[in-house]
Amino acid sequence: MATSPSFPSQFDLLRGVIHTTNLILSSHTRHFLCLAILFLLPFSSLLLTLPSIPLPSAPNSLLRSPLSPPPLPYPVYLVLFPLLLLSLTSISLSVNHGFFGRPVKLVSTLVALPLPFLRLLLTFLSSLLLLSALLTLIASLLFLFLRLHTPLLLIYLSFGTVTTISLVYLVTNWSLSGPISVLEPSTGFVPLTRSAYLIKGMHLAALSLLIFFAMAISMIIWGFNVGPANSREVFRMVAKMVLGSGMVVVMLLYWSVANVVMYMYCKGLHGELAGEIAEEFASEYVRLPFDDNKVPYVVSVIRE
């Protein structure tokens, strides 16, 4: 009687993802450092100043010291979104090459950016559209309950609980849509549905990565956000900017690489990785230069 294949525990898979992420980063340190300087460093520097932007209509803004530097113009912060998408695209392309032992070159990665970037952009906009529809539906239900004279406390608790659970569920299921948009010829809603399929069996691992990195980056931004400073505080402001930006860059880089590795492991669990390896290397014996145990382990899981 045939038995269904048993997947390893999510703890073992998460440990494998973290181990492989460390190996990829250590094998191509200079390459990922260049990508971080190009995209993640400007993103993190602007991100640290974002929470402290003073509103023009605030009366306290008239009482600032004349030595305080003016805040950055608002259009400058419009580059945050493209910088983030460019960093995710370039890192996904690089990890995919490094995972299969191909040469990882900065120029070839930058040249290959435009089409994957557009696919990732369309996928992100599609996810925003679905999230907007979900929030509209929840708000409509909230208005309906208000018309039925339901107690406000119960309405707010229900609204907050349903919204939080829905967002966490969707973000976890869509966590692989970025690498899918970049590495596969798909965009729009297709990567979202494919991500929900691939993430089966890895929900807890994906949620653990999401919570850890989201909380870590949020705490760094909260602790190191840079506001207006007078001439005596310039050194402190610069020191906070440099230290905070560096920490955010490291966390974002590690999170991005780990997410692509998670995508590879999920493909391995669904029997897709071995076929790609066979197609990539034909009949050659596969041994990746930076990890002798990663792919054979995943393939053994598929065959057991």
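Residues numbered from 1 in each chain as written. Predicted model: local features only at pLDDT ≥ 70, side-chain atom pairs only at ≥ 80, totals over all residues. Heavy atoms only, no water.

Novice: Can you lay out the pattern of salt bridges for me, pointing to particular residues and giving the numbers?
Specialist: Once the charged atoms of two side chains with opposite charge are near each other, the side chains can pair. Under the defined criterion, the tally for this structure stands at 1 salt bridge. The salt bridge involving Arg194 is made with Glu184; its shortest N-O contact spans 2.7 Å. Of this pair, Arg194 sits in helix α8 (residues 190–198) while Glu184 sits in the loop between α7 (177–183) and α8; the two residues are 10 residues apart in sequence, bridging distant segments of the chain. Each member of the pair, Arg194 as well as Glu184, carries the same accessibility label: buried. (Salt bridge = Lys/Arg side-chain N within 4 Å of Asp/Glu carboxyl O. Helix = DSSP H or I, 4+ residues; strand = E, 2+ residues; numbered from the N terminus. Buried < 20%, exposed > 50% of the residue type's maximum accessible area, 1.4 Å probe, protein only.)

Novice: Please provide a residue-by-residue account of the UniProt feature "transmembrane region" (unreviewed entry) in the protein chain, values included.
Specialist: Per the UniProt annotation, the sites labelled "transmembrane region" (unreviewed entry) are residues 32–54, 74–94, 128–146, 153–176, 196–222 and 234–255. Spanning residues 128–146, this segment combines 100% helix with 0% strand, and its end C-alpha atoms are found 27 Å apart. Across residues 196–222, the secondary structure splits into 85% helix and 0% strand, with the terminal C-alpha atoms separated by 32 Å. (UniProt positions renumbered as here; feature names shortened; annotations may be inferred.)

Novice: Residue-level account of a nonpolar patch on the surface, with values.
Specialist: A contiguous nonpolar surface patch, about 410 Å² in accessible area, is contributed by Phe81, Leu122, Phe124, Leu125 and Leu128. The biggest single contributor to the nonpolar patch is helix α5 (residues 114–147), with 4 residues. If you trace the backbone, Leu128 turns up in helix α5. (Patch = residues over 30% accessible without salt bridge, like charges linked within 9 Å, V, L, I, M, F, W, Y side chains within 5 Å. Areas by Shrake-Rupley, 256 points an atom, 1.4 Å probe, with all protein chains shown as cover.)

Novice: So, the packing of aromatic side chains: which residues are in play, and what are the values?
Specialist: If you walk through the whole model with that rule in mind, you get 4 aromatic pairs. For the ring pair Phe212 and Phe213, a centre distance of 5.1 Å and an interplane angle of 80 degrees mean the geometry is edge-to-face. Phe213 gets classed as buried once you look at its relative accessible area, which sits at 3%. Measuring from centroid to centroid gives 5.7 Å for Phe213 and Trp255, while their planes differ by 10 degrees, and the two rings are stacked. Separated by 42 residues along the polypeptide, Phe213 in helix α9 (residues 203–224) and Trp255 in helix α10 (residues 234–269) bring together distant segments of the chain. Classification of Trp255 as partly exposed rests on a relative accessible area of 24%. Joined through ring pairs, the aromatic side chains of Phe212, Phe213, Tyr254 and Trp255 make up one cluster. (Phe/Tyr/Trp six-rings, centres within 6.5 Å; stacked < 30°, edge-to-face > 60°.)

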